[in-house]
Amino acid sequence: MLLATESGLYKFNKKSHKINKIHDPTNEVTLARYNHFMKNKDGSYLFATNKGVLLFDGENNIKKLVSLQSRLPTKNILSIYKDEKNRLWIGTKSFGLYMYDKSIDDVSHITSNEASLAKKNINSILQSDENNLWLATNNGLIQYDIASMKSKTYLQNAGLQGNYFNLNAALR
């Protein structure tokens, strides 16, 4: 069992019943604030952190995805989501949404008919059966149509409780 916190990553040892921090003083990413994570099919984990997108092998090794990180405008990653085409959608703080397609090694900044999408905090990312991404942000809920690359923002006047969504305040 892994515990991702604002002060680092911890792992529960089933044999000793102890919780140990995964820490390497020579590796700054072990001191990251963990905002969101997901498990890959190979048993490794991807983490959205204030140090970028990190890969954890499931044992004790954490590393930055350097080739990806160097193409993003910020290290402060709030949310991640991997779709059925194995593309990684990356929600940033203040820089909007990015998509990483590993098959062609391409990072794209997602813009749409709404210019404000590029400057939002993307706090959560989910995908609907209709192939839309739903983005919970610091200013509304955005429905992003992947095929048309168009978005629609829903605000409090559309019936939401408010315009601000907490980090990872989404579940499907």
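Data block above holds the structure.
Read on for a plain summary of the structure. (Residues numbered from 1 in each chain as written. Predicted model: local features only at pLDDT ≥ 70, side-chain atom pairs only at ≥ 80, totals over all residues. Heavy atoms only, no water.)

1. A short note on the pattern of salt bridges
Here the idea is simple: oppositely charged side chains can pair when their charged atoms come close. Counting across every chain of the model gives three salt bridges. Note that Arg-71 is salt-bridged to Asp-105, the shortest N-O span being 2.8 Å. With a gap of 34 residues between them, Arg-71 in the loop between α1 (66–69) and β8 (77–82) and Asp-105 in the loop between β10 (97–101) and β11 (106–110) connect regions that are remote in the sequence. Classification of Arg-71 by relative accessible area gives partly exposed; the value is 32%. Linking Arg-172 and Asp-129 is a salt bridge whose minimum nitrogen-to-oxygen distance equals 2.3 Å. Here the residue Arg-172 occupies a position in the segment after β15 (150–154), and Asp-129 occupies one in the loop between β12 (122–127) and β13 (132–137), the gap between them amounting to 43 residues. Among the residues examined, Asp-129 registers a relative accessible area of 63% and is labelled exposed. (Salt bridge = Lys/Arg side-chain N within 4 Å of Asp/Glu carboxyl O. Helix = DSSP H or I, 4+ residues; strand = E, 2+ residues; numbered from the N terminus. Buried < 20%, exposed > 50% of the residue type's maximum accessible area, 1.4 Å probe, protein only.)

2. Section: unusual backbone geometry
Here the phi dihedral of His-17 falls at roughly 60°; this positive angle occurs in a residue that is not glycine. Relative to the helices and strands, His-17 is located in the loop between β2 (8–13) and β3 (18–21). Even without glycine at this site, Asn-168 takes up a positive phi of about 55°. Tracing the chain through its elements places Asn-168 in the segment after β15. What makes Asn-168 partly exposed here is its relative accessible area of 27%.

3. Some thoughts on the sheet that holds β2
Strand order in this open sheet of three strands is β1-β2-β3, and the pairing throughout is antiparallel. Unpaired on one side and paired on the other, β1 (2–5) and β3 mark the two borders of the sheet. Adjacent strand axes in the sheet meet at a mean angle of 25° when their direction is disregarded. Of the strand pairs in this sheet, β1 and β2 are connected by four bridges, and their pairing is antiparallel. Across the sheet, Thr-5 pairs through a bridge with Gly-8, a residue of β2. (Pairing = 2+ DSSP bridges. Axes fitted to C-alpha atoms, helices over the stretch in contact; angles between N-to-C directions.)

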